[in-house]
Amino acid sequence: MKETIRKTSKYAVAFLWAAILVYGGMCLYLFYMQSVQPLDYDNRYFQSDLPYHISMIVDDGWYYSFTAYAYQLLYWLGGKKTILIALFLAVVTVACIGLTDGLLRRILKRERTDALTLGAAFALNLVMPFFWSYAGAYRYVSYQSGNLWHNSTYQCMKLAALAAMLYYEKMEEGYREKISLRQWLALAGILFLCTGIKPSFLTVFAPMLAVKLLADLCRRVPFRQVFLLGSTVLPACGVILWQNMVLFGADTGHGMTFSPWYTFSLHANRTKLAVLCSIAFPLTILLFSLKDLLRDRRYLFVWGMTGVGFLEALCLVETGSRSRDGNFLWGYCFAIFLVFVYSFGKWISFLKRKTHILLYRLAFGVSGCVLAYQLFCGICFFARLLQGETYFMMG
């Protein structure tokens, strides 16, 4: 019997990887079509930031992100064509599923990849906001999402940020006793790379790390260990200073200002309801897990990152020509992705509860329906992107 189950699981994993590779091929097509679009802001066919990102590097020589160096090399190797850039982004997208699987295995305490962790990782990389036309008419821009296919720097940052979270999870378990030089260099290096691609992850991760380390210090964790873990963000902070000069230098005409709800209200019909629809599944899980929130430090940490990201997106707005771009949303978007992943772990745990069994069975069913609808929304959105529709698509 066990051998049959093992073989079935093995076949299921193989089938899932085949489906993921097909998805990767679809992403290759999507990213290539995005990359060859004209630099025309009126163009609404395969709309994305990718052709502008490529042009900034190839035509203008404006290096604002580490992705610029990769794109420059791939453009040259591809004979001044964009196919290798599209292939690179497709590989990044598939790799995000692999790292999500690794994070889920850690959360669910699974030794190896199985159909549950890989299937969930695939699904969680497709989910989109709970679309409700009453809250927002546009499937993407009316809401906030951890998954998107139109911003290449976010896609690359997402991969590096997942690697950072996965390594942080491993390192956090034993940091109170020892942090080796290799561990410190690895985490600091990943954070440096991630921030160089896009600083958004560090802006939500570093504040919560500071709060967590302060709490550990109060619990009498040795100051040396607290300092060593906290200092891993310092090289990345240096990158942010460089990016700040490039993006907000005196000659750029750009800055930032305090303007609550401005970004969220740009395209939503009912702004606050759209914000809630964006995190419908994690919120449903939270309602049934409030007692666990303070006891489960890992779960609390991720919700804290989500809260920090929300406050940044809520209050901060760029001035100048980028005022409507919503660039302070990216950290919140990745935090939303993470809170979906960690909430999935909570969702599975509902089936293992030995008290209030009927309540948790009900919670499992209700939240499962919410997740299924958000996955359906994601599949519909991606399918329509493949047809060349704008990400301003309406219901």
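In this text the structure is predicted, and so the values were computed from the model without any measurement.

This brings us to the overall build of the protein chain. Across its full length, the protein chain holds 16 helices and two strands. For the protein chain, the C-alpha radius of gyration of 21 Å lies close to 21 Å, the compact-globule estimate for 395 residues. If one aligns the C-alpha atoms of the protein chain with their principal axes, the spans along those axes are about 60 × 50 × 45 Å. Buried residues in the protein chain amount to 53% of all 395 residues. In the structure as shown, the protein chain presents an accessible area of about 18,500 Å², 67% of it carried by carbon and sulfur atoms. Distance between charge centroids for the protein chain: 11 Å, based on 37 positive and 21 negative side chains.

On to the packing of helix α12 (residues 280-287) against helix α15 (residues 330-349). Look at α12 against α15: their axes get within 9 Å of each other, and the N-to-C directions meet at 40°. By the criterion of interaxial angle, the relationship of α12 to α15 is oblique. At the point where α12 passes α15, the crossing takes the left-handed sense. Counting all contacts with α12, which are made through F281, P282 and I285, the residues of α15 involved are V339, F340, S343, F344, K346 and W347. Of the residues in the contact of α12 with α15, the class split is seven nonpolar, one polar and one charged.

Turning next to the nonpolar core. Core analysis: the largest hydrophobic core is formed by 122 residues, its most contacted members being W149, F201 and F205. Here this core takes 14 residues from α15, the largest share from any one element. With residues near it in sequence (within four places) discarded, F205 still touches M165, Y168, L191, V233, F301 and M305.

What follows covers the environment of D292. Along the chain, D292 turns up in helix α13 (residues 290-293). In sequence terms D292 and K212 are 80 residues apart; their C-alpha atoms lie 17 Å from each other.

What follows is about the layout of surface pockets. Taken as a whole, the second largest pocket encloses approximately 350 Å³ of empty space. Lining the second largest pocket are 17 residues, with E172, K212, R297, R298 and F301 positioned closest to its centre. The set of elements that each furnish at least two residues to the lining of the second largest pocket consists of α6 (152-174), α8 (200-218) and α14 (297-315). The element best represented in the lining of the second largest pocket is α8, accounting for five residues. Split into classes, the residues belonging to the lining of the second largest pocket amount to eight nonpolar, no polar and nine charged.

It is worth spelling out the state of the cysteines at this point. This structure, assessed with the given rule, holds zero disulfides. The thiol of C27 is not disulfide-bonded; the next cysteine sulfur, from C96, is found 10 Å away. With relative accessibility at 0%, the residue C27 sits in the buried group. As a non-bridged cysteine, C156 has C96 as the owner of its nearest cysteine sulfur, 8.4 Å distant.

Scoring rules and cut-offs
In this convention, every chain numbers its residues from 1, walking through the sequence in written order. Two thresholds apply to this predicted model, a pLDDT of at least 70 for residue-level local features and 80 or more for giving and counting side-chain atom pairs, whereas whole-chain, interface and lining totals are computed over all residues. Note: side-chain values were computed over all heavy atoms of the structure, leaving out hydrogens and water. Note on conventions: DSSP H or I runs of at least 4 residues are helices, E runs of at least 2 residues are strands, and numbering of each starts at the N terminus. Throughout, the radius of gyration refers to the C-alpha atoms, and the reference size of a globule is 2.2 Å times the residue count to the power 0.38. Think of it in three bands: residues with accessible area under 20% of the maximum for their type are buried, residues over 50% are exposed, and the middle band is partly exposed, with areas taken using a 1.4 Å probe on protein chains only. Surface exposure here means Shrake-Rupley accessible area, sampled with a 1.4 Å probe, where a residue is shielded only by the protein chains that are shown. We treat Lys and Arg as the positive residues and Asp and Glu as the negative residues; His and chain ends play no part in the count. Here the site of a charge means atom NZ of a Lys, CZ of an Arg, CG of an Asp or CD of a Glu. Whenever a helix is involved, its axis is fitted only over the stretch in contact; in every case the axis is a line through C-alpha atoms, and angles between N-to-C directions fall within 0 to 180 degrees. Any angle that is under 35 degrees is reported as roughly parallel, and any over 145 degrees as roughly antiparallel; angles of 65 to 115 degrees are reported as roughly perpendicular and all others as oblique. Handedness of a helix crossing follows the sense of rotation of the near helix relative to the far helix, less than a right angle counterclockwise being left-handed and clockwise being right-handed. Two residues form a contact once any of their heavy atoms are found within 4.5 Å. Throughout this entry, Asp, Glu, Lys and Arg are counted as charged residues, while Ala, Val, Leu, Ile, Met, Phe, Trp, Tyr, Cys and Pro are counted as nonpolar. The remaining residues, Gly among them, count as polar. What makes a nonpolar core is a set of buried Ala, Val, Leu, Ile, Met, Phe, Trp, Tyr and Cys residues whose side-chain atoms join them at distances within 4.5 Å. Within this scheme a cavity is a closed region of a 1 Å grid, computed over the protein atoms alone, that accommodates a 1.4 Å probe without allowing it to escape, whereas a pocket is open but has protein on both sides within 12 Å along at least five of seven lines; lining residues each have an atom within 4 Å of a point. Grid points are joined across faces, edges and corners, and a volume is the space filled by probe spheres set on the points. Defined by distance alone, a disulfide is two cysteine sulfur atoms within 2.5 Å.

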